[in-house]
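Coordinate analysis (summary)
So you can see what is in the structure, the chains are spelled out below.
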Amino acid sequence: MSLLTTKNVLLAAIALRVVFFYYGLYQDATMALRYTDIDYYVFTDAARFMANGLSPYERETYRYTPLLAWLLQPTTLWFSFGKAVFAAGDIVAGYAIIRVLKMQGVSDKKAALYSTVWLLNPMVATISTRGSSEGLLGALIALLLWAVYAKQWVVAGFIAGFSVHFKIYPIIYIPTIIWAMNDTNVKTNGGKRVSLVEQAFNFFTKERLLFGFSAALTFIALFSACYHYYGHEFLQHTYLHHLSRTDHRHNFSPYSTLLYMVSSKAGQAAEEQALLPPPQTWAFVPQLLLSGIILPLSLAKISMVKTMFLQTFVFVTFNKVCTSQYFMWYIVLLPFYFKDSKLMSPGRKVVSITFAVLWVVAQALWIQQGYALEFLGRSTFMQLCYATLGFFVVNCFGIVLLVGDL
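Residues numbered from 1 in each chain as written. Predicted model: local features only at pLDDT ≥ 70, side-chain atom pairs only at ≥ 80, totals over all residues. Heavy atoms only, no water.

**Notes on the packing of helix H16 (residues 304–318) against helix H20 (residues 381–403)**
It is the contact of H16 with H20, at a shortest axis distance of 10 Å, that shows an interaxial angle of 165 degrees. Taken together, H16 and H20 sit at an angle that is classed as roughly antiparallel. Here the hand of the crossing between H16 and H20 comes out left-handed. Together, Phe309, Leu310, Phe313, Val314, Thr317 and Phe318 of H16 and Phe392, Asn395, Cys396, Ile399, Leu402 and Val403 of H20 make up the contact between the two elements. Of the residues contributing to the contact of H16 with H20, the split by class is ten nonpolar, two polar and no charged. (Axes fitted to C-alpha atoms, helices over the stretch in contact; angles between N-to-C directions. Helix = DSSP H or I, 4+ residues; strand = E, 2+ residues; numbered from the N terminus. Parallel < 35°, antiparallel > 145°, perpendicular 65-115°, else oblique. Left-handed = near helix turned anticlockwise from the far one by under 90°. Contact = heavy atoms within 4.5 Å. Nonpolar A, V, L, I, M, F, W, Y, C, P; charged D, E, K, R; others polar.)

**A short note on a nonpolar patch on the surface**
On the surface, Leu240, Leu243, Trp282, Phe284, Val285 and Leu288 cluster together into a nonpolar patch covering about 470 Å² of accessible area. Of all the secondary-structure elements, those providing two or more residues to the nonpolar patch are helix H11 (206–244) and helix H15 (284–299). If one sorts the elements of the nonpolar patch by residue count, H15 sits on top with three residues. As for its position among the elements, Leu288 is in helix H15. Judged by its relative accessible area of 35%, Leu288 is partly exposed. (Patch = residues over 30% accessible without salt bridge, like charges linked within 9 Å, V, L, I, M, F, W, Y side chains within 5 Å. Areas by Shrake-Rupley, 256 points an atom, 1.4 Å probe, with all protein chains shown as cover. Salt bridge = Lys/Arg side-chain N within 4 Å of Asp/Glu carboxyl O. Buried < 20%, exposed > 50% of the residue type's maximum accessible area, 1.4 Å probe, protein only.)

**Side note on the packing of helix H9 (residues 173–180) against H15**
Between H9 and H15, whose axes approach to 9 Å, the crossing angle comes to 20 degrees. Classed by the angle they form, the pair H9 and H15 counts as roughly parallel. Crossing handedness for the pair H9 and H15: right-handed. Contacts from Pro175, Thr176 and Trp179 in H9 reach Gly292, Pro296 and Leu297 in H15. When grouped by side-chain class, the residues that make up the contact of H9 with H15 number four nonpolar, two polar and no charged.

**Points about the pattern of salt bridges**
Throughout the structure, instances matching the rule amount to eleven salt bridges. Among the salt bridges present, the one from Asp45 reaches Arg59, with a minimum N-O distance of 2.9 Å. In this pair, Asp45 sits in helix H2 (residues 38–51) while Arg59 sits in the loop between H2 and helix H3 (66–71), placing the two residues 14 residues apart along the sequence. Judged on exposure class, the residue Asp45 and its partner Arg59 are both buried. Close ionic contact of Arg348 with Asp405 constitutes a salt bridge, the shortest N to O distance being 3.2 Å. Taken together, the residues span a long stretch of sequence, with Arg348 in the loop between helix H18 (334–338) and helix H19 (349–374) and Asp405 in the segment after H20 at a distance of 57 residues. Of the residues examined, Arg348 reaches a relative accessible area of 29% and is grouped as partly exposed. On the basis of relative accessibility, which here comes to 2%, the residue Asp405 falls in the buried class. Three or more residues are tied together by salt bridges with common partners; here these are Lys306, Lys339, Asp340, Arg348 and Asp405.

**Considering the nonpolar core**
Counting 103 residues, the largest nonpolar core has Tyr62, Leu68, Trp118, Ile177, Phe211, Phe327 and Leu333 as its most contacted members. When sequence neighbours within four positions are dropped, the list of residues in contact with Tyr62 reads Val42, Phe43, Ala46, Pro56, Tyr57, Leu68, Ala69 and His237. (Core = buried A, V, L, I, M, F, W, Y, C linked by side-chain atoms within 4.5 Å.)

**Here we look at unusual backbone geometry**
The phi dihedral of Thr61 is positive, around 75 degrees, even though this residue is not glycine. The topology assignment puts Thr61 in the loop between H2 and H3. One non-glycine residue, Lys151, lies in the positive phi region at around 60 degrees. Along the chain, Lys151 turns up in the loop between helix H7 (134–149) and helix H8 (153–166). A residue is classified by how much of its surface remains accessible, and Lys151, at 56% relative accessible area, is exposed.

In structure tokens form, the structure reads like this:
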């Protein structure tokens with residue numbers, strides 16, 4: 001009897017998170033270096049403000065939807081409530097991954113095997129039990145895929161709209177899903193050429209309209225409700241802040257050194273005299289051009305889910321702020337990439353393994369230099385800059401490798 005069953009994998013995933021959860025409590029109670037993520041303190045502080053009838057944005061650096069603070073109000077009674085919710089999100093995401101894989105014709109055993117990339121991944125379990133909300137987002141993305149493959153277009157639109165409200169980046173998936181849908185657009189009809197107007201009209205199928213309108217209405221409804229209660233501070237902290245943020249700590253992004261420079265007083269003075277705009281205002285342009293336009297139009301009709309994985313990988317690689325928890329954005333889609341990947345075929349196996357090793361090594365080198373700078377106070381700015389650029393180059397190599405696998 002095979003151990004690779006949905007039930008066994010889910011039970012193992014739950015056990016893994018329980019172990020990490022209680023270890024985190026032990027580390028927080030006995031060690032100087034806390035297990036709990038700093039963002040979790042931000043979440044819980046915001047939840048406490050909301051529970052007291054105040055705005056969650058009274059908590060400085062809270063840059064999220066008010067719905068997250070509302071969800072976490074029980075943390076005023078049990079501090080670790082949010083960690084349990086985020087870990088549960090991991091499990092929901094994993095179960096949805098298995099369901100979608102089966103809908104794609106994958107056997108039960110292989111679906112369970114592929115899902116371990118997410119469910120039994122120590123990085124994923126650690127990030128969620130430390131108090132990062134990415135597990136909830138992973139659940140939303142996996143459920144979105146389930147709704148799309150089940151052709152539940154209104155449900156898919158609702159999840160897509162909610163996901164974009166929760167965290168902006170899932171908006172890149174909407175053009176991919178819409179473009180991947182079947183349409184009635186044909187260039188000829190019984191030998192008669194169809195005009196561009198007719199082709200454009202045929203593009204707007206019932207499925208596309210249901211998905212698009214439900215996604216838009218969901219986002220507008222949530223945005224309007226939050227804006228009604230919290231006004232401009234909601235707009236500023238949840239959305240506009242990300243256009244001008246200059247976070248440089250724990251940042252794997254190739255922009256991190258530039259962001260560090262412009263965050264200083266001297267950098268701000270130089271910024272005022274510069275001929276070109278600072279990186280925090282234009283960095284999203286190549287990122288969105290690649291992940292939101294070029295990849296969907298080029299690849300969505302070949303493989304929707306692989307395109308979504310590639311979009312996310314590119315989005316994170318080119319994002320001006322990139323921390324370890326952002327890797328979860330594409331790890332949740334990685335099981336679908338393995339389904340029919342040729343990366344481990346005899347002709348590509350060596351290159352694929354080389355990339356995997358380089359990705360781990362480049363990240364480890366960055367962490368070594370980042371730890372020396374941020375925790376030990378050593379001046380490793382140049383070494384950290386080189387490590388950041390090295391990690392970026394490795395990721396670009398991976399993008400080329402992954403695109404070639406479609």
